[in-house]
Amino acid sequence: MKKILFVIIASFFIFSRLLNNTFADDWYIVNMLNLNSQNEENNINLANLDNIQFYNADYSNKYNQLKNIDKVFKKEFIKKYKNWEYSYYQINWIISNYKNFIYYTNKYFYFLKIKKQNQNYREIDQAISNSIINMKNYLNRVKNIVKW
């Protein structure tokens, strides 16, 4: 009877060790493949500023500065998410609103380029104004989520 009890306890101990090692390997695989943040990184990197060439140096400088700031923002968002400073829902709200900000920023610069080429295009002024309002709105949303 003692031998049977010893075998049962020993086998239970061995199987529990095997299961612990399996779960530990699972976490290793998750970390190795970066599965915790890979989707968010890919998602935020889909929002890119278009390549637009301006004849005006002022617009070109602003655009290039914005492209550099965009890269910094994306890296910082993902870094903070990896450090658990943002929850899953926060990072997804940030990504969604930031993508909308980039969308309206692209429209804004596109409309500026069209306006520079054709000064008599009155509808462009309204489109530029709408783009600015939407850019401001989505950037404020991102700022509020980050503060929260």
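Residues numbered from 1 in each chain as written. Predicted model: local features only at pLDDT ≥ 70, side-chain atom pairs only at ≥ 80, totals over all residues. Heavy atoms only, no water.

1. Structural notes on the confidence of the model for the chain
Phase 1: Confidence in the prediction of the chain, expressed as mean pLDDT, is 80, and 78% of residues score 70 or more.
Phase 2: Within the chain, helix H5 (residues 122-147) carries the highest mean pLDDT (91), whereas helix H1 (residues 2-33) carries the lowest (62). (pLDDT = per-residue confidence, 0-100. Helix = DSSP H or I, 4+ residues; strand = E, 2+ residues; numbered from the N terminus.)

2. Observations concerning the pattern of salt bridges
Once their charged atoms are close, side chains differing in charge can pair, the charge on each being opposite to the other.
Phase 1: Under the defined criterion, the tally for this structure stands at four salt bridges.
Phase 2: Across the salt bridge formed by Asp58 and Lys62, the nearest N and O atoms sit 3.9 Å from each other. Of the two residues, Asp58 and Lys62 are both situated in helix H3 (residues 57-82); the distance of four residues between them amounts to about one turn of the helix.
Phase 3: Note that Glu76 is salt-bridged to Lys79, the shortest N-O span being 3.9 Å. Placement of both Glu76 and Lys79 in helix H3 is noted, with a separation of three residues, approximately one turn of the helix.
Phase 4: Overall, Glu76 belongs to the partly exposed group, its relative accessible area being 31%. (Salt bridge = Lys/Arg side-chain N within 4 Å of Asp/Glu carboxyl O. Buried < 20%, exposed > 50% of the residue type's maximum accessible area, 1.4 Å probe, protein only.)

3. Comments concerning the packing of aromatic side chains
Phase 1: For the structure shown, the criterion picks out ten aromatic pairs.
Phase 2: For the pair Tyr88 and Tyr89, a centre-to-centre distance of 5.5 Å together with 75° between the ring planes defines the contact as edge-to-face.
Phase 3: A network of ring pairs unites the aromatic residues Phe73, Phe77, Tyr98 and Phe101 as a single cluster. (Phe/Tyr/Trp six-rings, centres within 6.5 Å; stacked < 30°, edge-to-face > 60°.)

4. Examining the nonpolar core
Inside soluble globular proteins, nonpolar side chains tend to come together where they are buried.
Phase 1: Phe77, Tyr98 and Phe109 are the most contacted members of the largest nonpolar core, which totals 30 residues.
Phase 2: No other element matches helix H4 (residues 88-117), which puts twelve residues into this core. (Core = buried A, V, L, I, M, F, W, Y, C linked by side-chain atoms within 4.5 Å.)

5. Looking at unusual backbone geometry
Phase 1: The phi dihedral of Trp84 falls on the positive side, at around 65°, and the residue is not glycine.
Phase 2: Here Trp84 is to be found in the loop between H3 and H4.
Phase 3: Note on Trp84: relative accessible area 73%, which makes it exposed.

6. Regarding the packing of H3 against H4
Phase 1: Axis separation between H3 and H4 bottoms out at 12 Å; the angle between their running directions is 170°. Considering their axes alone, H3 and H4 lie roughly antiparallel with respect to each other. Touching Tyr59, Tyr63, Leu66, Asp70, Phe73, Lys74, Phe77 and Tyr81 of H3 are Tyr88, Ile91, Ile94, Tyr98, Ile102, Thr105, Phe109, Leu112 and Lys116, all from H4.
Phase 2: Here the contact of H3 with H4 is composed, by residue class, of 13 nonpolar, one polar and three charged. (Axes fitted to C-alpha atoms, helices over the stretch in contact; angles between N-to-C directions. Parallel < 35°, antiparallel > 145°, perpendicular 65-115°, else oblique. Contact = heavy atoms within 4.5 Å. Nonpolar A, V, L, I, M, F, W, Y, C, P; charged D, E, K, R; others polar.)

7. Overview of a nonpolar patch on the surface
Phase 1: A cluster of nonpolar residues, Tyr88, Tyr89, Trp93 and Trp148, forms a patch on the protein surface that exposes about 580 Å² of accessible area.
Phase 2: Assignment of secondary structure puts Tyr89 in helix H4. (Patch = residues over 30% accessible without salt bridge, like charges linked within 9 Å, V, L, I, M, F, W, Y side chains within 5 Å. Areas by Shrake-Rupley, 256 points an atom, 1.4 Å probe, with all protein chains shown as cover.)

8. Quick notes on the side chain of Asn106
Phase 1: Along the polypeptide, Asn106 turns up in helix H4.
Phase 2: In this view, Asn106 contacts Asn48, Leu49, Asp50 and Ile52; residues no more than four positions away in its chain are not counted.

9. Some remarks on the environment of Val142
Phase 1: Examined against the element boundaries, Val142 turns out to sit in helix H5.
Phase 2: C-alpha of Val142 to C-alpha of Ile95: the two residues are 47 residues apart in sequence and 8.4 Å apart in space.
Phase 3: Ignoring sequence-local partners within four residues, the contact set of Val142 consists of Phe77, Ile94, Asn97 and Tyr98.

10. Digging into the side chain of Asn97
Phase 1: Residue placement: Asn97 occurs in helix H4.
Phase 2: Polar side-chain contacts of Asn97 include one of 3.0 Å to the backbone oxygen of Trp93.
Phase 3: When near neighbours in sequence (up to four residues on either side) are disregarded, Asn97 contacts Tyr138, Arg141, Val142 and Ile145. (Polar contact = N/O pair within 3.5 Å; in protein donor to acceptor, adjacent residues only side chain to side chain.)

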